[in-house]
Amino acid sequence: MNIGLIAHDSKKKLMQNFCIAYRGILSKNDLYATGTTGRLIEEVTNLNVHKYLAGHLGGDQQLGAQIEHNEIDLVIFLRDPHLLQNSHEPDGGNVVRLCDSHNIPLATNLASAELLIKSLDRGDLEWREMYK
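Residues numbered from 1 in each chain as written. Predicted model: local features only at pLDDT ≥ 70, side-chain atom pairs only at ≥ 80, totals over all residues. Heavy atoms only, no water.

Focus on the pairing of strand β4 (residues 74-78)
Within a regular beta strand, the side chains point alternately toward one face of the sheet and then the other, so they alternate between its two faces.
Okay, step 1: With 5 of 5 residues buried, β4 is to be regarded as a mostly interior element.
Okay, step 2: Where burial is concerned, the two faces of β4 agree: the one with L74, I76 and L78 and the one with V75 and F77 are both buried.
Okay, step 3: Note: β4 against strand β5 (residues 106-107), 2 bridges, orientation parallel. Bridge assignment links V75 to a residue of β5, and that residue is L106. (Buried < 20%, exposed > 50% of the residue type's maximum accessible area, 1.4 Å probe, protein only. Helix = DSSP H or I, 4+ residues; strand = E, 2+ residues; numbered from the N terminus. Pairing = 2+ DSSP bridges.)

Here's the deal with the environment of T34
Okay, step 1: Within the secondary structure, T34 is located in the loop between β2 (30-33) and α3 (35-45).
Okay, step 2: In this view, T34 contacts L5, I6, Y52, L53, G55, G59 and D60; residues no more than four positions away in its chain are not counted. (Contact = heavy atoms within 4.5 Å.)

As for the pattern of salt bridges
Note that side chains of opposite charge can pair when their charged atoms are close.
Okay, step 1: Summed over the entire model, instances satisfying the criterion amount to 6 salt bridges.
Okay, step 2: Note that K28 is salt-bridged to D121, the shortest N-O span being 3.9 Å. One end of the pair, K28, is in the loop between α2 (23-26) and β2; the other, D121, is in helix α6 (residues 110-122), and 93 residues separate them in sequence.
Okay, step 3: Between D124 and R122 there is a salt bridge, and its shortest N-O distance comes to 2.5 Å. (Salt bridge = Lys/Arg side-chain N within 4 Å of Asp/Glu carboxyl O.)

A look at the sheet that holds strand β1 (residues 2-7)
Okay, step 1: If you trace the 5 strands from one edge of the open sheet to the other, you get β3-β2-β1-β4-β5, paired in parallel fashion. The open sheet terminates on both sides in strands that have one partner only, identified here as β3 (49-51) and β5.
Okay, step 2: Across 4 bridges, the pairing between β1 and β2 is parallel. In the sheet register, I3 faces β2, and the bridge partner there is L31.
Okay, step 3: Helix α1 (residues 12-21) contacts β1 and β4 of the sheet and is inclined by roughly 145° relative to β1.
Okay, step 4: Relative to β4, α6 is tilted by about 155°, and along the sheet it contacts β1, β4 and β5. (Axes fitted to C-alpha atoms, helices over the stretch in contact; angles between N-to-C directions.)

This is the structure in structure tokens:
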């Protein structure tokens, strides 16, 4: 399965810890991430991550294009709900809308990310293979 990983700056350490904790599951899948998040994940896990541009440079749009083409099966986007709208970080609204439009499972916080990754490990997301 193709997994998209995005994290706002204040959630990058949490994403690293998540990926360390679930390294075994993640290693069985193809990982795609915005630039800085992908680099940070690789540094702590030694997982191979296909890295897009940094989110604020268009990486979230690159991931969005893959979602539109049904090439991503699951997205974990650890968002900071307290971000100011004029922040340099993308709000992620486009990724969320695309996931909703294309029926892509999406986690936006640690609790839902853990549920999705455990579901993936149990095989609960195999329907995505048929959906493609």
